[in-house]
Amino acid sequence: MMQVFQRVLLKRTERPQCIRQSARWMSKGGDMKSKLAELIPKEQERLKKIKKDYGKISLGDTTVDMCIGGMRGIKGMLWECSLLDADEGIRFRGLSIPECQKKLPGAISGGEPLPEGLLWLLVTGEVPTKEQVAGVTKDFQKRSKVPGFVFDVLNKFPTSAHPMTQLTAGIMALQTQSEFAKAYEAGLHKSKYWQPVYEDSMNLMAQLPEVAAFIYRRVYKGGKTIPPDPKLDYAANYAHMMGYTDKKFHELMRLYITIHSDHEGGNVSAHTVHLVGSALSDPYLSVAAGMNGLAGPLHGLANQEVLRWIQGVVKEVGADASTEQLKEFVWKTLKSGKVVPGYGHAVLRKTDPRYQCQREFALKHLPNDPLFKMVSKIYEVVPPILLETGKVKNPWPNVDAHSGVLLQYYGMKEENYYTVLFGVSRTMGVLAQLIWDRALGLPIERPKSLTFGWIENYCKKKAK
Ligand code: CMX
C-alpha cells in the first residue's frame, strides 16, 4: 500500500484532501495496520482468482426448509476470520480454542491469551509475537479517550434502561467521530475505504471498554467511575474500570473476551454487522446494529437468562436439588413454552468448546462454588430431556451456559450486564472481518426473498 503513495507524484500541498488523509492513516496505523496493508493486495488477488476460477461452482442446493427456516446451513457469506464446525466448534483463523490458549501470548506465563493477540490473529491470520501484542495494547491506549458528550448522552438515560440499550446508545454517540463517514463524504476512492474503516474500528474497540465500564458504574455502583490504568492490558483495564482488582478476574476477562469475540459470520450479531456494513454504513453504525441483535434472548442475552434460570432453580428446589427435582424444573420450563437458556445451537451439534474451556477455568479456580456444582448437575440432566422432546437438534450447552456462574463467583452478580461483556468482545471479531469486507471490496448484500405463492408454484412445477 505504501508503494501506492510513493507513486503519487503530486506535492503534498497539491494533493486532494482524501489522499492527504490516506497518507496520515497509513502513518499513524501502528504495526498491525502495516501488516494488513501488506496482506491486502494478495488477498484481493486471491478473491479475484476464486471468482474467476470457481465463480459458477455450486456450493449446494437451497431447500424450501432452509428458505423458511432461518436460512439454516445456506452457504451465503464470505467470513475469513473464523470457521465453525458443527462437531468441533470454532476455529479462529484455523486455530481451535485450546490452540489459541497455547499459542497466543498471555499476560502471565501459562495464563489465558490476551484478546489483543486474538485480534492480531483475526486481522492478519498470523500468531503474533509478544511485542506485536504489546503494540496493539499501546495503540488501544493511545486511541482510548472517549469524548465527554458520550457520557452526557448516557447520563440522560434512566438507570433502569437495559445496559445493552445504553451500550448501543454509547456506540451511536461515538459514531459522530467516524473517520469513514467523513472520508466518504469528502470523496475517498473505494480502494482506500479499508483505511478509515480500520481507524474507526480500532478507535471503537479502544473506547468501548470505558463506555461499557461507565454504564456498569452508573447503573450498579452509584455512578462513581474509575479512571483507566495505562499499565494494564485491554481486558484487565476494562475489569479495573468496572471496579474489579482480583488478578484472577482479570484472567477470566482475558479468556472471556477472547472466546466470545468471533463465531463465524452467520450468527445474528456478526451477520448484522456484515450486512449493515455492506451498505457502507460506518463501523459504529454497523456495530450498533449488531449489538441490537446480540441483545436478543435467543442470542447474547441468553447469558443473562441462564444465571436467572439457575437462580430460579436454587430458589425453587435448593442448591442441593436432587436429579429428580432438577428434571421436574426443566420440564416445567419447557411446558411453560420457554427455552432452557444456554442449551442448543443453530450450528453446533456437540458441547460448545467455549463452554468446555470455561468449565476448565472453573475446575481450576472455583471447583467448590455451589453454583458451579449446579451448572455441572444441570449438564447431566438437561440434554436427555431436550432429546426427549424430539425436536431439539442440539441438546448440548453453548457458551452462555457457563459464563454467568464464573462472573458471579468474582462478585459480578448483576446479570443484566452480562451481555455488555459479550458485546465488548464480539465487537473485536466483527470489526476484524469488517476491515476485510472493505479491503476486499465486498458488495452490498442482497439475497433473494420469496413469497408463499412463488414457492408453491415453483414446487408444483418441479413436482410435475
Ligand atoms: N430449550 C427448549 N427448546 C429448544 C432449545 C432449548 N434450549 N433449543 C432448541 N429448542 C427448540 C426450538 O425452540 C425449536 O422449537 P419449535 O420447533 O417449537 O420452534 C426446536 O427446538 C428446534 O430448534 P433447533 O433447530 O434445535 O434450534 P434453532 O437453530 O432453531 O435455535 C437456539 C438455536 C440457540 C436459538 C436454540 O437452541 C435456543 O433457543 N436455545 C436457548 C437460548 C440460547 O441459549 N441461546 C444462546 C445461543 C448461543 C448464542 O448465540 O449466544
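Residues numbered from 1 in each chain as written. Predicted model: local features only at pLDDT ≥ 70, side-chain atom pairs only at ≥ 80, totals over all residues. Heavy atoms only, no water.

Taking an unreviewed UniProt entry as the reference, the protein chain is identified by name as Citrate synthase belonging to Ceratodon purpureus. UniProt's Sequence similarities (unreviewed entry) comment on the protein chain is quoted here verbatim: "Belongs to the citrate synthase family." (UniProt positions renumbered as here; feature names shortened; annotations may be inferred.)

**Q** Explanation requested: a nonpolar patch on the surface in the structure shown.
**A** On the surface, a cluster of nonpolar side chains totalling about 320 Å² of accessible area is made up of Ile-50, Tyr-54 and Ile-57. Residue placement: Ile-57 occurs in the loop between helix H3 (30-54) and helix H4 (64-68). Take Ile-57: its relative accessible area is 55%, and that puts it in the exposed class. (Patch = residues over 30% accessible without salt bridge, like charges linked within 9 Å, V, L, I, M, F, W, Y side chains within 5 Å. Areas by Shrake-Rupley, 256 points an atom, 1.4 Å probe, with all protein chains shown as cover. Salt bridge = Lys/Arg side-chain N within 4 Å of Asp/Glu carboxyl O. Helix = DSSP H or I, 4+ residues; strand = E, 2+ residues; numbered from the N terminus. Buried < 20%, exposed > 50% of the residue type's maximum accessible area, 1.4 Å probe, protein only.)

**Q** Looking at this model, I keep getting lost on the site of the ligand. Mind explaining?
**A** In the vicinity of the ligand, 20 residues are found, and the nearest of them are His-299, Gly-342, Tyr-343, Lys-393 and Asp-400. The side chain of Arg-72 places a nitrogen or oxygen atom 3.0 Å from an oxygen atom of the ligand. Asn-398 is positioned with one of its side-chain polar atoms (N or O) 3.0 Å from an oxygen atom of the ligand. In isolation the ligand exposes 890 Å². Once the protein is present, 75% of that is buried. Its residues placed into classes, the shell around the ligand shows 11 nonpolar, 5 polar and 4 charged. (Near = heavy atom within 4 Å. Polar contact = N/O pair within 3.5 Å; in protein donor to acceptor, adjacent residues only side chain to side chain. Nonpolar A, V, L, I, M, F, W, Y, C, P; charged D, E, K, R; others polar.)

**Q** Hey, could you run me through the pairing of strand E1 (residues 82-85) in this one?
**A** For a regular strand, side-chain orientation follows a simple rule: the groups alternate between the two sheet faces. The side-chain alternation of E1 yields one buried face, formed by Ser-82 and Leu-84, and one unburied face, formed by Leu-83 and Asp-85. Judged from the 4 bridges that link them, E1 and strand E2 (residues 89-92) form a sheet pairing that is antiparallel. Residue pairing in the sheet places Ser-82 in a bridge with Phe-92 of E2. Hairpin connection of E1 to E2: 3 residues between the antiparallel strands. (Pairing = 2+ DSSP bridges.)

**Q** Help me understand the UniProt feature "active site" (unreviewed entry) in the protein chain, please; the structure alone is not making it clear to me.
**A** Here the UniProt-annotated "active site" (unreviewed entry) positions come out as His-299, His-345 and Asp-400. In summary, the annotated positions, though distributed over 102 residues, converge in three dimensions, the widest C-alpha pair being only 10.7 Å. With respect to the element layout, His-299 can be found in the loop between helix H15 (283-294) and helix H16 (302-317). Sequence-distant contacts of His-299, defined by excluding residues within four places in its chain, comprise Asn-267, Val-268, Ser-269, Gly-293, Leu-294, Asp-400 and Arg-426. (Contact = heavy atoms within 4.5 Å.)

**Q** In this structure, what is going on with empty space enclosed by the protein? I would like to understand it.
**A** To find leftover empty space, a probe the size of one water molecule is rolled over the atoms. Summed over all chains, the structure comprises 2 cavities of 30 Å³ or more. What the largest cavity holds in volume is close to 50 Å³. In this structure, the largest cavity is lined by Val-306, Trp-309, Ile-310, Pro-341, Tyr-343, Val-375, Ile-378 and Ala-401. The greatest single-element share of the lining of the largest cavity, amounting to 3 residues, is contributed by H16. For the lining of the largest cavity, the per-class residue count stands at 8 nonpolar, no polar and no charged. Empty space within the second largest cavity amounts to approximately 30 Å³. Forming the walls of the second largest cavity are Phe-180, Val-197, Gly-277, Leu-280, Ser-281, Asp-282, Leu-434 and Arg-438. Considered class by class, the residues forming the lining of the second largest cavity number 4 nonpolar, 2 polar and 2 charged. (1 Å grid on protein atoms, 1.4 Å probe; cavity = no way out; pocket = protein on both sides within 12 Å on 5 of 7 lines; lining within 4 Å. Points joined across faces, edges and corners; volume = space filled by probe spheres on them.)

**Q** What's the story with the state of the cysteines in this structure? I'm lost.
**A** Under the defined criterion, the tally for this structure stands at 0 disulfides. As a non-bridged cysteine, Cys-100 has Cys-357 as the owner of its nearest cysteine sulfur, 10 Å distant. Cys-459 carries a free sulfur, and the closest cysteine sulfur to it, the one in Cys-67, is 9.3 Å from it. (Disulfide = S-S within 2.5 Å.)

**Q** What's the story with the pattern of salt bridges in this structure? I'm lost.
**A** Opposite charge on two side chains makes pairing possible when the charged atoms of those side chains draw close. What the rule picks out here adds up to 21 salt bridges. Residue Glu-80 pairs with Arg-46 through a salt bridge whose shortest N-O separation is 3.8 Å. Note that Glu-80 is positioned in the loop between H4 and E1 and Arg-46 in helix H3, a separation of 34 residues in sequence. The partner of Lys-350 in a salt bridge is Asp-87, and the shortest N-O contact between them spans 3.8 Å. Of this pair, Lys-350 sits in the loop between helix H17 (323-335) and helix H18 (353-365) while Asp-87 is found in the loop between E1 and E2, placing the two residues 263 residues apart along the sequence. You can call Lys-350 partly exposed: its relative accessible area is 42%. For Asp-87, a relative accessible area of 47% corresponds to the partly exposed category. By sharing partners, the salt bridges in this structure join Lys-33, Asp-139, Arg-143 and Glu-199 into a single network.

**Q** Which parts of the structure should I look at to understand the packing of aromatic side chains?
**A** The description of two aromatic rings rests on the distance between their centres and on the angle between their planes. Under the criterion given, the structure shown has 16 aromatic pairs. When the centroid spacing of 5.9 Å and the interplanar angle of 50° are considered together, the rings of Tyr-184 and Tyr-193 count as tilted. Tyr-184 sits in the partly exposed class, given a relative accessible area of 45%. Between the aromatic rings of Tyr-216 and Tyr-244, the centroid separation amounts to 6.0 Å while the plane-to-plane angle is 45°, which identifies the pairing as tilted. Here Tyr-216, found in helix H11 (residues 194-220), pairs with Tyr-244, found in the loop between helix H12 (234-242) and helix H13 (247-260); they are 28 residues apart in sequence, far enough to count as distant. Of the two residues, Tyr-216 and Tyr-244, neither departs from the other in class, the shared state being buried. (Phe/Tyr/Trp six-rings, centres within 6.5 Å; stacked < 30°, edge-to-face > 60°.)

**Q** In this structure, what is going on with the packing of helix H9 (residues 163-174) against H11? I would like to understand it.
**A** Helix-helix packing is described using two parameters, namely the angle between the two axes and the distance between the axes. With their axes 10 Å apart at the nearest point, H9 and H11 run at an angle of 140° to one another. Between H9 and H11, the angle falls in the class oblique. Considering how the two elements wind past one another, H9 and H11 form a crossing that is right-handed. Across from Pro-163, Gln-166, Leu-167, Gly-170, Ile-171 and Leu-174 in H9, the residues of H11 making contact are Leu-204, Gln-207, Leu-208, Val-211, Ala-212, Ile-215, Arg-218, Val-219 and Tyr-220. Classifying every residue of the contact of H9 with H11 gives 11 nonpolar, 3 polar and 1 charged. (Axes fitted to C-alpha atoms, helices over the stretch in contact; angles between N-to-C directions. Parallel < 35°, antiparallel > 145°, perpendicular 65-115°, else oblique. Left-handed = near helix turned anticlockwise from the far one by under 90°.)

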